[in-house]
Amino acid sequence: MTAGGPRSMAPTVAPPWPVLQAPAHWRRLDFISDLHLQASEPATFNAWQRFMQTTQADAVFILGDLFEVWVGDDVLATPGFEAGCTQILKAASQRLSIFVMHGNRDFLMGAAFAQAGGLTLLNDPSVLNFAGQQWLLSHGDALCLGDTDYLQFRAQVRSPEWQEDFLSLPLAKRQQMAQDMRRQSETHKRSGVPYADLDEPMTCHWLNLAQASTLIHGHTHKPADHQMTAGLRRIVLSDWDATATPPRAEVLRLSAAVAAKAEGSTIQRLRATRAE
Ligand SMILES: [Mn+2]
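First, a word on scope: everything that follows refers to the structure included in this document. (Residues numbered from 1 in each chain as written. Predicted model: local features only at pLDDT ≥ 70, side-chain atom pairs only at ≥ 80, totals over all residues.)

## A look at the overall build of the protein
Of regular secondary structure, the protein possesses seven helices and twelve strands. Computed over its C-alpha atoms, the radius of gyration of the protein comes to 19 Å, within 12% of the 19 Å expected for a compact globule of 276 residues. Projected onto the principal axes, the alpha-carbon positions of the protein cover approximately 55 × 50 × 40 Å. Counting the 276 residues in the protein, one finds 35% classified as buried. (Helix = DSSP H or I, 4+ residues; strand = E, 2+ residues; numbered from the N terminus. Rg over C-alpha atoms; globule rule 2.2 N^0.38 Å. Buried ≥ 20, exposed ≤ 12 C-beta atoms within 10 Å, placed from the backbone.)

Here it is in structure tokens:
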């Protein structure tokens, strides 16, 4: 879309985003998002901990908003909630691969967190090649084109300059600012203004660029399986709230086809609150 050099004239042969090639031995992948982990919600934390400790998946993909807020990796320097969660990730990473994408709450998770948690931070969006198919993975917020105020805010806070400035503030100041932002967000929620959903034409455009037929995303807290035009599909993950009735702690499990020659996969939605 921007003017470029001769390179921009070349036909697109590969997706413009990073492609993660699943190792051939991976049979089962778990996707979760929007856990909004915080010290004041121990039930959801416990459900997530149990899931990380017991899942038999080859890889877990956390597609954004693992944490309610992340004000910088230096929170890990002191024992506390974030350090505890990171230890759980690290322990699980001894058994399986963990991939984490930024959400609109925890976009400041950085390289130090990734290293401490034994995980890989994923670009948003990313393309996954698994079971003979390309899957597009995203948090989803960047596709909510109707949310123009938020997209402006997003562009600002995702810039390296803003992040450098913010991270140079004292930790206590950053925590205070994050709390103020959360209060504003709560006020917005209570005001009843409906949240924007993903823009379908742009979602289809992204899928075509990625040469994928299915997008898996979170963010909207509206779990569904949408069939869009031209056989394109978007699967929306649930948020987690173990105190809700019934509890919400859903895992989307993608399994490679069992038949030796068949390429393909099955998709299931599972409750992580149920013992497996
Ligand atoms: Mn979100």
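Moving on, there is more to tell.
## Describing the nonpolar core
Most often, soluble globular proteins keep nonpolar side chains buried together rather than apart. Core analysis: the biggest nonpolar cluster contains 55 residues, and Phe31, Phe61, Val100, Leu136 and Leu137 have the highest contact counts within it. Setting aside chain neighbours within four positions, we find Leu136 in contact with Pro125, Val127, Trp206, Leu207, Ala210, Ala212, Thr214 and Leu215. (Core = buried A, V, L, I, M, F, W, Y, C linked by C-beta atoms within 7 Å. Contact = placed C-beta atoms within 7 Å.)

## Description of unusual backbone geometry
Cis geometry is adopted by the peptide bond preceding Pro125, which originates at Asp124 and carries an omega value of 0 degrees. Inspection of the secondary structure assignment puts Pro125 in the loop between strand S5 (120–122) and strand S6 (126–130). Here Thr245 and Pro246 are connected by a cis peptide whose omega angle stands at -10 degrees. Residue placement: Pro246 occurs in the loop between strand S10 (233–236) and strand S11 (250–256). Residue His36 is not a glycine yet carries a positive backbone phi of 50 degrees. Relative to the assigned elements, His36 resides in the loop between strand S2 (28–32) and helix H1 (42–54). Accessibility expressed as a C-beta count within 10 Å gives 19 for His36, which makes it partly exposed. Of note in the backbone geometry, Ala131 takes a positive phi value of approximately 55 degrees without being a glycine. Locating Ala131 in the fold gives a position in the loop between S6 and strand S7 (133–138).

## Focus: the environment of Met52
Turning to its location among the elements, Met52 is positioned in helix H1. Since 22 C-beta atoms lie within 10 Å of it, Met52 is described here as buried. Each C-alpha atom, one on Met52 and one on Thr86, is 11 Å from the other, the two residues being 34 residues apart in sequence. If near-sequence neighbours (up to four positions away) are discounted, Met52 is found in contact with Ile88, Leu89 and Ala92.

## Brief notes about the sheet that holds S11
Taken together, the six strands give an open sheet; going across it, the order is S5-S4-S3-S2-S11-S12, and neighbouring strands pair in mixed fashion. Looking at strand neighbours, the two that pair on one side only are S5 and strand S12 (265–271), the edges of this open sheet. For this sheet, the mean angle separating the axes of adjacent strands, direction not counted, is 25 degrees. In the sheet, S2 pairs with strand S3 (residues 59–63) via four bridges, with the strands oriented parallel. When the bridges of S3 are listed, Asp30 appears paired with Val60. (Pairing = 2+ DSSP bridges. Axes fitted to C-alpha atoms, helices over the stretch in contact; angles between N-to-C directions.)

## Re the sheet that holds strand S9 (residues 224–227)
Strand order in this open sheet of six strands is S1-S6-S7-S8-S10-S9, and the pairing throughout is mixed. The open sheet terminates on both sides in strands that have one partner only, identified here as strand S1 (19–21) and S9. In this sheet, adjacent strand axes meet at a mean angle of 25 degrees when their direction is disregarded.

## Considerations on the packing of H1 against helix H2 (residues 81–92)
It is at 9 Å that the axes of H1 and H2 come closest, and there the two elements cross at 15 degrees. As the angle between them shows, H1 and H2 are arranged roughly parallel. Note on packing geometry: the crossing formed by H1 with H2 is left-handed. Seen from H1, the contacting residues are Gln49, Met52 and Gln53; seen from H2, they are Ile88, Leu89 and Ala92. Broken down by class, the residue content of the contact of H1 with H2 amounts to four nonpolar, two polar and no charged. (Parallel < 35°, antiparallel > 145°, perpendicular 65-115°, else oblique. Left-handed = near helix turned anticlockwise from the far one by under 90°. Nonpolar A, V, L, I, M, F, W, Y, C, P; charged D, E, K, R; others polar.)

## Considerations on the environment of Ile216
Within the secondary structure, Ile216 is located in strand S8 (residues 214–217). Since 24 C-beta atoms lie within 10 Å of it, Ile216 is described here as buried. Separated by 33 residues in the primary sequence, Ile216 and Ala249 have C-alpha atoms spaced 17 Å apart. Excluding its chain neighbours within four sequence positions, the residues that come into contact with Ile216 are Phe31, Leu63, Trp135, Leu137, Ile235, Leu237 and Leu252.

Geometry only, nothing functional implied.
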